[in-house]
Structure formats: structure tokens, C-alpha cells
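# Coordinate analysis (summary)
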Amino acid sequence: MTIVTVFFDVGWDVVAIVTPIYSFTGIQYYLADPLALKAVAGNRALFSKNVEVYEKVIGFFGPNLVTTEGETWSRLRKLVNPSFSETSIRYVWEQSVRLVNEMFEADQWAGKTTPIKHAPDLTKEITLLIIGAVAFGQETHWEAASATLPAGHQMKFQEAVTIVSEGLFFRVGMPSFQYMEEIIIEQSSNGSQDRQDLISQLVRGSGEDAEDRLSMREVIGNTFIFLIAGHETTANSLAHLWGLLALEEDKQEKLYSHITAVLGDKQPVYEDISSLNLVLAYFYESLRLFPPVINIPKYAAKDTTIPAMPAVADDGVTQLDPLAKPKSLFVPKGTEVSLSVPGLHYNREFLGQFAVEAVPSF
């Protein structure tokens, strides 16, 4: 029984697990019901993160959007949010195109058919180089093995970022923040008006007053959170999409024909995004089938209730009366309430027979 089929089997989109181990109340709720999910996700005051757990795991980077709640979270979000503008998205696009072009021009790929034994190994390398440029403003290149070690450092920037990104739960031996501190000091002293990378925008976006300014630890903390959130998740999502396309070559050919029809012989530019609608549809469907985040845990701040509806049975025949109204489910204070992303993505009530099939074209 998986986290998806459990909803089918019990006939409800809210499942309760009684345990004395993981929950203060002994009860855990897993939600796949859109009404319940909306009620929980839309009320941060009533259903908050367990910041103590996040603080123990990633708090040592510095205060960030994941380890905080309440007024601190609101302040950080206000200061960080301007860094994610359309200008930033365009910069991600430009760096992605540049680095993938460099990859195909490398000896390993140029004019060759190169087998990929383990797709995530390649996608992790691609995404790490992109994030190195986009988040940290480093001059990353596909063939950079011969790059010299910077004076005063024991490892290259890419090596340090890889260890931090993939060794999150192993703090012993983790690289220092020397690179990060050097970048922040340099950009604070010399100005960062012409730079588009994330860390430059975080430094540039700080105001005169302390409340309107991110400290060095807050800049480091939030930059590393975006690295951790964006590296393996993006790499694995891309690998899943490649796998789906590899399984069905006719769909791969259809996507290729769509891309060539839009681009012709020219290089892709940011303005092409709106025309590459089939590419976006394939990405969205791959993310639905293989979401990078499985559960989003929340905790009830006080006794409350959430709405719940019957689920659709495993045979695809709905158990839900069209006139039925949601039931009110009691949630005691301290109860862990997990938003089940796969449960929602495979919800038969809304997707019917397509819930476990790849659409629109796979």
C-alpha cells in the first residue's frame, strides 16, 4: 500500500494514522482532499510549520524562509520576494541555454550519441552549474575541471556547493561559508547594481534601516535554502521527464517536432516560452506524476476542524454523491497534518481514469 493507494482503499481523501511515536496527540492526518488542503495551507496562523525541526536540520545556514514563521517569516519574505522578478527568470533562462550549449560543444557530446547510464548524475551537474551562476553569480562553465584553486581556499566553489547541497544532514566536515562571505563583502563594497544573480539582488535589495536589511547570515541562509530547494528537486524532475520521453519515442518525436516548429534553426530566447506550450505541458505532467515534494507537514495551533469529502474508489467509480456536502473533521491542538502532494495529484475525483496515466500526451 502506497501513500496514493491508501486514499483509494479507505474511500476517503483524509486518512488518520494513530501512533504514539511521531505525534504529540498520537494522531497524524494525511490530506488529499482539495478543500482540506486549501483550509490548511491558507491559514498559516492556525496550521504552522514545526520550526524547531527545520531549525535543527538547516538552521545552521542562517535564518531563512523555511526555519521561520510569524513576523520573522513575513519580514524575510518581504525582503526576499523582489529577487524573484521576471528579470531573474530571464537570467535563469539565459544561463541555462548557455550552459547546455557548452555541454553539447564538449568533446564528450559534440557530434556523438552519448549513452546516459544514470540520468540524475547528468541533470544534477547541469542544475548545479546553472544555480552556481544564477544564485551565487559565479562564472560557471561545463568544462571547468582545469580551473585553478582560488588562493586561500581548500576546494573549488563548485565542489563546496556540491558538498553542502548533497550533504545537508551531515554537518561534520561541511565546507565553511568562506565563499559566501567573500561574495557578500565584495558586492556590498563594490556595488552590485549590474549583477542579476540572486545573492547580489538580496544584498542590493536591503534598505537603510535594520528591519529593511538582510544580515549577512540571513543572506547566506536564504541563498543556501534556494540552492537546496532547487538543486536535486530540479535535477530529479528533469530526469523523470527524460525517462517518460525515453519510454515512448513517438511522444519524444512529437515534442521534438513542436520545438523545431517554434524555433526553426535559431537559438531559444526567453520570449519563446509562451510558444513552447507543449514543452511546458510535458513538464507539468511529469511534475504531477513525480512531485519532488511528497508531504508538507503542518501542526494545528489549537483545536479546530477541517472539511473532508469521500474519495473515489480504486475501480474508478466515484463513491461521492453529487449532492454530498463536506464532513467536518475535528483536529486536536498539536496534531500533525500532512499535505499529501501525490494524494492530490492522483485524486480520482478530479482526474478520473487519467489519475494514474500520463496526460496530455505521454
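Reference entry: report on the structure contained in this document. (Residues numbered from 1 in each chain as written. Predicted model: local features only at pLDDT ≥ 70, side-chain atom pairs only at ≥ 80, totals over all residues. Heavy atoms only, no water.)

What tends to happen in soluble globular proteins is that the nonpolar side chains get buried as a cluster. By size, the foremost hydrophobic cluster in this structure holds 23 residues, and its most contacted members are F136, I184, L202, L214, V219, F224 and L227. If you list the elements that add at least two residues to this core, you get α4 (70–80), α6 (119–136), α9 (198–204) and α10 (216–247). Broken down by element, the residue count for this core peaks at six residues, all from α10. Listed in part, the 14 residues of the second largest apolar core include L31, L46, A300 and V331. (Core = buried A, V, L, I, M, F, W, Y, C linked by side-chain atoms within 4.5 Å. Buried < 20%, exposed > 50% of the residue type's maximum accessible area, 1.4 Å probe, protein only. Helix = DSSP H or I, 4+ residues; strand = E, 2+ residues; numbered from the N terminus.)

On to the pairing of strand β5 (residues 304–308). Side chains of β5 alternate between two faces, with T304, I306 and A308 buried and T305 and P307 left unburied. Looking at chain direction, β5 and strand β6 (residues 327–331) are connected through five bridges and run antiparallel. Of the residues in β6, the one forming a bridge with T304 is V331. (Pairing = 2+ DSSP bridges.)

Let us now look at the pattern of salt bridges. Any two side chains of opposite charge can pair, so long as their charged atoms come close to each other. Under the definition given, this model contains nine salt bridges. Where D272 meets K266, a salt bridge forms, and the shortest distance between an N and an O atom there is 2.7 Å. Exposure remark for K266: the relative accessible area of 40% places this residue in the partly exposed category. Across the pair E285 and R288 runs a salt bridge whose closest N-O atoms are separated by 2.8 Å. In this pair, E285 and R288 both sit in helix α12 (residues 277–289), three residues apart, roughly one turn of the helix. The burial state of E285 is the same as that of R288; both residues are buried. It is possible to trace a salt-bridge network through shared partners that takes in E248, D250 and K251. (Salt bridge = Lys/Arg side-chain N within 4 Å of Asp/Glu carboxyl O.)

Once that is clear, we can look at the packing of α10 against helix α11 (residues 249–263). The axes of two packed helices give the description: the angle between them and the distance between them. In the contact formed by α10 and α11, the axes pass within 5 Å of each other and the chain directions differ by 110°. By the criterion of interaxial angle, the relationship of α10 to α11 is roughly perpendicular. Across from L245, A246 and L247 in α10, the residues of α11 making contact are E249, K251, Q252 and L255. Taken together, the residues of the contact of α10 with α11 break down into four nonpolar, one polar and two charged. (Axes fitted to C-alpha atoms, helices over the stretch in contact; angles between N-to-C directions. Parallel < 35°, antiparallel > 145°, perpendicular 65-115°, else oblique. Contact = heavy atoms within 4.5 Å. Nonpolar A, V, L, I, M, F, W, Y, C, P; charged D, E, K, R; others polar.)

What follows covers the packing of aromatic side chains. Counted under the stated rule, the structure contains three aromatic pairs. Note on F84 and F226: the rings are 4.9 Å apart at their centroids and 75° apart in plane angle, and the pair reads as edge-to-face. Of the two residues, F84 is situated in the loop between α4 and α5 (86–105) and F226 in helix α10; the sequence distance between them amounts to 142 residues. Aromatic side chains W93 and Y270 sit 6.5 Å apart centroid to centroid with 85° between the ring planes, which places their arrangement in the edge-to-face category. Remark: Y270 occurs in the loop between α11 and α12 and W93 occurs in helix α5; sequence separation between them is 177 residues. The aromatic ring of W73 is capped on one face by R44, whose charged end is 3.8 Å from the ring centroid. The cationic tip of R288 hangs over the ring face of Y346; the distance from NZ or CZ to the ring centre is 5.5 Å. (Phe/Tyr/Trp six-rings, centres within 6.5 Å; stacked < 30°, edge-to-face > 60°. Lys NZ or Arg CZ within 6 Å of the ring centre and 35° of its normal.)

All we've got here are geometric facts, nothing functional implied.
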